Amino acid sequence: MRSVRRQYNRFLISFMVILCLVCLGLSYWAIQSSRTVHAQQTFEQIYSIKRAFLKDTVQNLIRDIERIRTIVRGRAVDSMVRIPLLLEGYYAMNPASFTALAIELFTRKEYQDVIDVYLRDTRSSVDLYRSSSLTGSDPVTMIQQSGQWVDRYFGPYRLMLRINEDWVNIRTKEGVAGIIHGQHFSNGAYIWVNEVLDWQGGNDYAIRRIHPNVPHTEGMLLSTQMQDIKGNFPYKTELEGVREYGELFFTYFFKRLESDEIAEKLTYSARYDRFNWIVAMGVYIEDIQEFINTADE
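Now for a description of the structure that goes with this document. (Residues numbered from 1 in each chain as written. Predicted model: local features only at pLDDT ≥ 70, side-chain atom pairs only at ≥ 80, totals over all residues. Heavy atoms only, no water.)

1. Things to note about the overall build of the chain
Here comes step 1: Along its length, the chain carries six helices and 10 strands.
Here comes step 2: Residues counted as buried form 39% of the 297 residues belonging to the chain.
Here comes step 3: Considering only residue pairs separated by 6 or more positions, the chain has 55% of its internal contacts joining residues 24 or more positions apart.
Here comes step 4: Accessible surface, the chain: about 17,100 Å² in total, of which carbon and sulfur atoms supply 54%. (Helix = DSSP H or I, 4+ residues; strand = E, 2+ residues; numbered from the N terminus. Buried < 20%, exposed > 50% of the residue type's maximum accessible area, 1.4 Å probe, protein only. Contact = heavy atoms within 4.5 Å. Areas by Shrake-Rupley, 256 points an atom, 1.4 Å probe, with all protein chains shown as cover.)

2. Quick word on the packing of aromatic side chains
Here comes step 1: Scanning all chains against the criterion turns up 14 aromatic pairs.
Here comes step 2: Centroid distance Tyr190 to Trp192: 5.4 Å. Interplanar angle 50 degrees. Geometry classified as tilted.
Here comes step 3: Overall, Tyr190 belongs to the buried group, its relative accessible area being 4%.
Here comes step 4: A relative accessible area of 4% places Trp192 in the buried class.
Here comes step 5: With 6.4 Å between their ring centres and 55 degrees between their planes, Tyr205 and Tyr235 make a pair best called tilted. Here Tyr235 lies in helix 5 (residues 234-245) and Tyr205 lies in the loop between strand 5 (190-196) and strand 6 (206-210), a separation of 30 residues in the sequence. Tyr235 shares its class with Tyr205; the two are buried.
Here comes step 6: A network of ring pairs unites the aromatic residues Tyr91, Phe98, Phe154 and Tyr157 as a single cluster.
Here comes step 7: Its guanidinium or amino end placed over the ring of Phe275, Lys173 lies 5.0 Å from that ring's centre, counting from NZ or CZ. (Phe/Tyr/Trp six-rings, centres within 6.5 Å; stacked < 30°, edge-to-face > 60°. Lys NZ or Arg CZ within 6 Å of the ring centre and 35° of its normal.)

3. Some words on the environment of Thr141
Here comes step 1: By the element assignment, Thr141 lies in helix 3 (residues 139-144).
Here comes step 2: Look at Thr141 and you get partly exposed, because its relative accessible area is 30%.
Here comes step 3: A distance of 2.3 Å separates the side chain of Thr141 from the side chain of Asp138, its partner in a polar contact. (Polar contact = N/O pair within 3.5 Å; in protein donor to acceptor, adjacent residues only side chain to side chain.)

4. Describing the sheet that holds strand 10 (residues 277-284)
Within a sheet, neighbouring strands are paired by backbone hydrogen bonds and run either parallel or antiparallel to one another.
Here comes step 1: The six strands lie next to each other as 7-6-5-10-9-8, forming an open sheet whose pairing is antiparallel. Where the open sheet ends on each side, the last strands, each with one partner, are strand 7 (221-222) and strand 8 (247-255).
Here comes step 2: Sheet topology note: the strand 9 (residues 262-272)/strand 10 ladder contains eight bridges and is antiparallel. Paired with Thr267 across the strands is Gly282, a residue of strand 10. (Pairing = 2+ DSSP bridges.)

5. Structural notes on the sheet that holds strand 2 (residues 126-130)
Here comes step 1: If you walk across this open sheet you meet the four strands as 2-1-4-3, and the pairing is antiparallel. The open sheet terminates on both sides in strands that have one partner only, identified here as strand 2 and strand 3 (149-154). Across the sheet, the mean angle separating the axes of adjacent strands is 15 degrees when strand polarity is ignored.
Here comes step 2: In this sheet, strand 4 (residues 157-163) lies alongside strand 1 (residues 115-121) in antiparallel orientation, the contact comprising seven bridges. What sits directly across from Asp116, in strand 4, is Arg162. (Axes fitted to C-alpha atoms, helices over the stretch in contact; angles between N-to-C directions.)

6. Description of the nonpolar core
Here comes step 1: Counting residues in hydrophobic clusters, the biggest one holds 47 residues, and the most contacted among them are Ile83, Leu87, Phe106, Ile115, Leu159, Trp277 and Val279.
Here comes step 2: With 12 residues, helix 1 (residues 2-93) is the largest single contributor of residues to this core.
Here comes step 3: Discounting residues that sit within four places of it in the chain, Ile83 has contacts with Leu105, Phe106, Tyr111, Ile115, Leu159 and Leu161.
Here comes step 4: Within the second largest apolar cluster, 19 residues are counted, among which are Val214, Val242, Ala263 and Tyr284. (Core = buried A, V, L, I, M, F, W, Y, C linked by side-chain atoms within 4.5 Å.)

7. Considering the side chain of Asp116
Here comes step 1: Counting through the fold element by element, Asp116 comes out in strand 1.
Here comes step 2: Those residues in contact with Asp116 that lie beyond four places of it in its chain are Ser131, Ser133, Leu134, Met160, Leu161, Arg162, Ile163 and Asn164.

Right, here's the structure in full:
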């Protein structure tokens, strides 16, 4: 009887041990599964947040480009108003010196290149002053074909003015480049700009216009045949996506900021039609995972 009882006790103890081990195993599996699911959900949430951050930052910059251009163009509009007022005073004060005073005004630093100017003596049909941008034999038609122009007479002198849109665009691009180069984001993120020359792609399809990571390459021509270290064609992918949809999220491999390390980037690119620009920003996917690992410690 005692022998049976001892066997029963041993069986009961063994069963309880096995049951405890099974429970521990199931608990460990549940914890690990939960951690895996949590890590995946955390990664997806942060990935989604990063996507939104990239898109918002790029779209905000595109709106800033328009604001900068409006400010720059406002300076040209002010010049269009100020120059005729000054010339009215010159002509009223001393008509004999009007031509010399007008030309001196046109060549001042604050007006030169900002405004295209055409001044003509209608008595002799002689061009007294013409901006270098007004090429050809018919500057009047050139000016009248522009969106905003002024046509005034001061006695026998005819003055025509228009905004130099090339100057506006150049100054706007310089302002945007200054902003982008002056920006600092965490984890080596930055914004860059490519200017498209041919929306069909191919060799020399674009110019690397602004790039804080590799500023020495600004101005270089790009090709849709360029590959990253994994054999991807990022410029081709970007061009085709932006051309069709106006914007695009995609990944490719590129060197890190202030480092020669190559890593995979999540990138958002958007089209800015006025300058044929593709404005883009990216974050490195490894940095997203490192952030999650740090948070779980």
